[in-house]
Amino acid sequence: MKIYIIGIGLIGGSMGLDIKILYPESTVYGVDTNEDHLQKALALGVIDETSILENVSDADFVIVSVPVDVALTVLPEVLDLIGENTIVFEVGSTKTLICESVTNHPKRRNFIATHPIAGTEFSGPSAAISGLFQGKTNIICEVERTAFKLQEKALDLFKAIGMRIRYMEPKSHDKHIAYMSHLSHISAFMLGKTVINKEKDEQDIFDMAGSGFESTVRLAKSSPAMWTPIFKQNKDQVIETLEEYISNLTHFKDLLISEDYDAIYEEMKSVNKIKEILNGMLK
């Protein structure tokens, strides 16, 4: 097999590593505008060879793992270049505009819109790890628009690297992911900002930050270059989630002002249910 990864970062690179383990006879090619990323990916064994976009015509798989604003341009270009038996998938955190960008493309049948719900706060080829997708969910949108034989080809790969499959419409995906992912990243960034603005002594932050703070603010280490376009593409959904979140924060502040600690206790107790939900996901 010939696999081309466009954008050698955490997701694309991790897929490359898994594919190389599962299919040792395959060749994984890397395409990236950042030459340092390409050379680092080669040195780390994430890819076998570097290449250019124009060479994807003979690919079996093309993985588009670039920032979502770049994907709007790159994805149609890839579809222009591929052969009839190539399956292309894009792995970004928004899906509505991505799907719309190729809705009338003559090779739309060669594209499958995906979002693997997996990752860390790190980026670039050095962030790639094998086994990242084991047991994780892969959201697939508009599956009916992908040729059946190519669907099967993609689904076999996703299952081989350990992913569960869930089908969803793009707008529904973008609404749910705003709550489950985009809001948590904004919360982490703004918590980090609040602490940096108020705690001027970096040594105080270092000495007093416990594991709770560290785990809560972890996502603030994520790449702004990746997340700014995500917030832009999913602006309406993100604003809606922020309005609800801010309303809950204001309500909690009001309870503190009124010294209604019984209500605060009940608020926190009712949210403890999230532990049961998440524990159920991990079983």
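Quick look at the structure, then. (Residues numbered from 1 in each chain as written. Predicted model: local features only at pLDDT ≥ 70, side-chain atom pairs only at ≥ 80, totals over all residues. Heavy atoms only, no water.)

## Digging into the pattern of salt bridges
Here is step 1: Enumeration over the complete set of coordinates arrives at 8 salt bridges.
Here is step 2: A salt bridge links Glu-84 to Arg-109, with the shortest nitrogen-to-oxygen separation between them at 3.7 Å. Of this pair, Glu-84 sits in the loop between α3 (68–81) and β5 (87–90) while Arg-109 is found in the loop between α4 (96–101) and β6 (111–116), placing the two residues 25 residues apart along the sequence.
Here is step 3: On the accessibility criterion, Glu-84 (52% relative accessible area) is exposed.
Here is step 4: Lys-221 serves as the salt-bridge partner of Glu-121, at 3.4 Å between the closest nitrogen and oxygen. Here the residue Glu-121 occupies a position in the loop between β6 and β7 (137–141), and Lys-221 occupies one in the loop between α8 (211–217) and α9 (224–233), the gap between them amounting to 100 residues. (Salt bridge = Lys/Arg side-chain N within 4 Å of Asp/Glu carboxyl O. Helix = DSSP H or I, 4+ residues; strand = E, 2+ residues; numbered from the N terminus. Buried < 20%, exposed > 50% of the residue type's maximum accessible area, 1.4 Å probe, protein only.)

## Considering the sheet that holds strand β1 (residues 2–6)
Here is step 1: Pairing within the open sheet is mixed, and its 8 strands lie in the order β3-β2-β1-β4-β5-β6-β7-β8. In this open sheet, the two strands that pair with only one neighbour each are β3 (49–50) and β8 (164–167).
Here is step 2: Two elements, β6 and β7, share 4 bridges in a ladder whose sense is antiparallel. The partner of Pro-116 across the bridge, within β7, is Asn-138.
Here is step 3: Of the strands in this sheet, β1, β4 (61–64), β5 and β6 are in contact with α3, which crosses β5 at around 175°. (Pairing = 2+ DSSP bridges. Contact = heavy atoms within 4.5 Å. Axes fitted to C-alpha atoms, helices over the stretch in contact; angles between N-to-C directions.)

## Things to note about helix α2 (residues 35–44)
Here is step 1: Its side-chain oxygen 2.9 Å from the backbone nitrogen of Asp-36, Asn-34 forms the N-cap of α2.
Here is step 2: Looking one or two residues past α2, Gly-45 carries a phi angle of roughly 75°, positive in sign. (Polar contact = N/O pair within 3.5 Å; in protein donor to acceptor, adjacent residues only side chain to side chain.)

## Describing the nonpolar core
Here is step 1: In terms of nonpolar packing, the biggest core is built from 33 residues, with Met-15, Ile-63 and Phe-89 touching the most fellow members.
Here is step 2: Not counting residues within four places of it along the chain, the set of residues in contact with Ile-63 comprises Ile-3, Tyr-4, Ile-5, Ile-6, Met-15, Ile-19, Phe-89 and Val-91.
Here is step 3: Formed by 28 residues, the second largest nonpolar core is a distinct cluster that contains Ala-59, Val-62, Val-88 and Phe-111. (Core = buried A, V, L, I, M, F, W, Y, C linked by side-chain atoms within 4.5 Å.)

## Section: the packing of helix α6 (residues 170–198) against α9
Here is step 1: At a minimum axis distance of 11 Å, the contact between α6 and α9 shows a crossing angle of 125°. By the angle class used here, α6 and α9 are oblique. When the axes of α6 and α9 are compared, the crossing they make is left-handed. Here α6 contributes Ser-181, His-182, His-185 and Ile-186 to the contact with α9, which in turn contributes Trp-227, Ile-230 and Phe-231.
Here is step 2: Across the contact of α6 with α9, the residue classes break down as 4 nonpolar, 3 polar and no charged. (Parallel < 35°, antiparallel > 145°, perpendicular 65-115°, else oblique. Left-handed = near helix turned anticlockwise from the far one by under 90°. Nonpolar A, V, L, I, M, F, W, Y, C, P; charged D, E, K, R; others polar.)

## So, unusual backbone geometry
Here is step 1: A positive phi angle, close to 55°, is found at Glu-142, a residue other than glycine.
Here is step 2: The residue Glu-142 is located in the loop between β7 and α5 (148–160) in this model.
Here is step 3: What makes Glu-142 buried here is its relative accessible area of 15%.

## Observations regarding helix α10 (residues 235–257)
Here is step 1: The terminal C-alpha atoms of α10 lie 32 Å apart, and with 23 residues this matches the ideal 33 Å at 1.5 Å per residue to within 8%.
Here is step 2: Regarding α10, the residues found buried are Val-238, Thr-241 and Leu-255.
Here is step 3: Immediately beyond the C-terminal end of α10, within one or two residues, lies Glu-259, with a positive phi of roughly 55°. (Expected span 1.5 Å × (residues − 1).)

## Here's the deal with the environment of Gly-192
Here is step 1: Positionally, Gly-192 belongs in helix α6.
Here is step 2: Residues Gly-192 and Val-217, 25 residues apart in the sequence, show an inter-C-alpha distance of 6.2 Å.

## Some words on the pairing of β7
Residues in a regular strand project their side chains so that they alternate between the two faces of the sheet.
Here is step 1: With 4 of 5 residues buried, β7 is to be regarded as a mostly interior element.
Here is step 2: Note: β7 against β8, 4 bridges, orientation parallel. Of the residues in β8, the one forming a bridge with Ile-140 is Tyr-167.
Here is step 3: Note on the crossover from β7 through α5 to β8: the handedness is right-handed. (Right-handed = clockwise from strand over helix to strand, strands pointing away.)

Function cannot be inferred from these measures alone, as they are strictly geometric.
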